[in-house]
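# Remarks on the overall topology
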Amino acid sequence: MKVKGVIDSLNFSSSDLEALFVNDDYSIETVKSVGVFEPTRWKEAFNSSLTRNIIEAKILHTSTGLELPIKRHSRSQTKQILEFAGLHGYNEKSKLLSVLLKELWSDIQDEVITRLDIAIDFKGKIPNKVIKELCKSRTPFKWINSTYLKTESEKKKNYQVNILLYPKHKKENLDYELERLEFSFGSGYFRGAYKIKELAKIYKKIAKTIKRFTGLEVVIKQL
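Keep in mind that this is a model prediction, so the values were computed, not measured.

On to the overall build of the protein chain. Tallying secondary structure elements over the protein chain gives 6 helices and 12 strands in all. For the protein chain, the C-alpha radius of gyration of 18 Å lies close to 17 Å, the compact-globule estimate for 223 residues. Once the C-alpha set of the protein chain is aligned to its principal axes, its extents read approximately 50 × 35 × 35 Å. When the 223 residues of the protein chain are sorted by exposure, 46% land in the buried category. Carbon and sulfur atoms make up 49% of the accessible area of the protein chain, which totals about 12,600 Å². Distance from the positive charge centre (40 side chains) to the negative charge centre (28 side chains) of the protein chain: 9 Å.

Along the chain, Asp117 falls in strand 7 (residues 112-123). Polar side-chain contacts of Asp117 include one of 2.8 Å to the side chain of Arg115. If sequence neighbours within four positions are ignored, Asp117 has contacts with Val6, Ile7, Asp8, Ser9, Glu182, Phe183, Ser184 and Phe185.

For the rest of this paragraph, the subject is the packing of aromatic side chains. Evaluation of the coordinates by the stated rule reveals 8 aromatic pairs. Look at Phe21 and Tyr26: their rings are 4.9 Å apart centre to centre, the planes differ by 75°, and that puts the pair in the edge-to-face class. Phe21 gets classed as buried once you look at its relative accessible area, which sits at 5%. Overall, Tyr26 belongs to the buried group, its relative accessible area being 15%. Taking the centre distance of 4.7 Å and the plane angle of 65° together, the rings of Trp42 and Phe46 count as edge-to-face.

Two strands pair when backbone bridges link them, and strand 1 (residues 2-14) and strand 7 are joined in this way by 7 bridges, in the antiparallel orientation. Considered in strand 7, the bridge of Ile7 is made with Ile118. Pairing of strand 7 with strand 11 (residues 178-185), which is carried by 8 bridges, proceeds in the antiparallel orientation. Each bridged residue has a counterpart across the sheet, and for Asp117 the counterpart in strand 11 is Ser184.

Along the chain, Lys71 falls in strand 5 (residues 67-73). On the basis of relative accessible area, Lys71 is assigned to the buried category, the value being 15%. Non-local contacts of Lys71, meaning those with residues more than four positions away in its chain, are made with Trp42, Ile54, Glu56, Lys79, Gln80, Ile81 and Glu83.

About the thresholds
Residues numbered from 1 in each chain as written. Predicted model: local features only at pLDDT ≥ 70, side-chain atom pairs only at ≥ 80, totals over all residues. Heavy atoms only, no water. Helix = DSSP H or I, 4+ residues; strand = E, 2+ residues; numbered from the N terminus. Rg over C-alpha atoms; globule rule 2.2 N^0.38 Å. Buried < 20%, exposed > 50% of the residue type's maximum accessible area, 1.4 Å probe, protein only. Areas by Shrake-Rupley, 256 points an atom, 1.4 Å probe, with all protein chains shown as cover. Lys, Arg positive; Asp, Glu negative; His and termini not counted. Charge placed at Lys NZ, Arg CZ, Asp CG, Glu CD. Polar contact = N/O pair within 3.5 Å; in protein donor to acceptor, adjacent residues only side chain to side chain. Contact = heavy atoms within 4.5 Å. Phe/Tyr/Trp six-rings, centres within 6.5 Å; stacked < 30°, edge-to-face > 60°. Pairing = 2+ DSSP bridges.

Dropping the structure here:
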C-alpha cells in the first residue's frame, strides 16, 4: 500500500541560533536561565512543563504572532535547539510556520537535525492491517485520545523512534473523520549525522524504517 508522508515537526540545533533573529521581525523572551525562571510562561505558550534537563529556555516571538521554543539541554550545553512543531496541520498556524521555515531555509542548511516527525493521514480509519503490523513489534498504550506504540523495554523516553496514532479531526475540529499515524524520529536515530541540506538522504532511511514497522510504501513530501 502506497501512502503520502509529510513532515509535521522539524527540530535542529545550532551553536549560534539567535543570530538568525536579530532584526525587528523577531524578539526573544528568556524564561529559564541564570537568575530567571518563569515556568508559567512556558506552560502558557506550549502547554508543557520545563523539565530538569532543559537548562535554558527561551521563546521566539515573530511579527506574525508565532511563538517557538528555543531550548538548551544538559546533555548538549553548547547547542540551542529550535522546534518547528505542527508544520502540517489544518489551521492558520501551520501555514505561518511553513512560511517562516521557507524564509529561514537558505540560512539553516548546515544546522544539525535533532528530530523529525513524519505524519501519515488517513481519511476515515487507519487500516487494521497497518495496526496489526505495528503491534507485532510494539504494545499499544492508550492515553486520552492518542494511542502510543511502545517496545517492551522502553518507558517514557525513546530517543530513536516514537510511534503514535490519534483522531486528527478531533484535534483540529474538522467536519470529516481523519486519523493520523505519526512517527517521531529523535536524536538517537540521527546520531548527529545529518544536516538540513541532507534531508533527501534521510527520506530514504525513514521510508525504510516505516515500511519495516507497517508494511507501507511511504512517499515523503519534500519541504
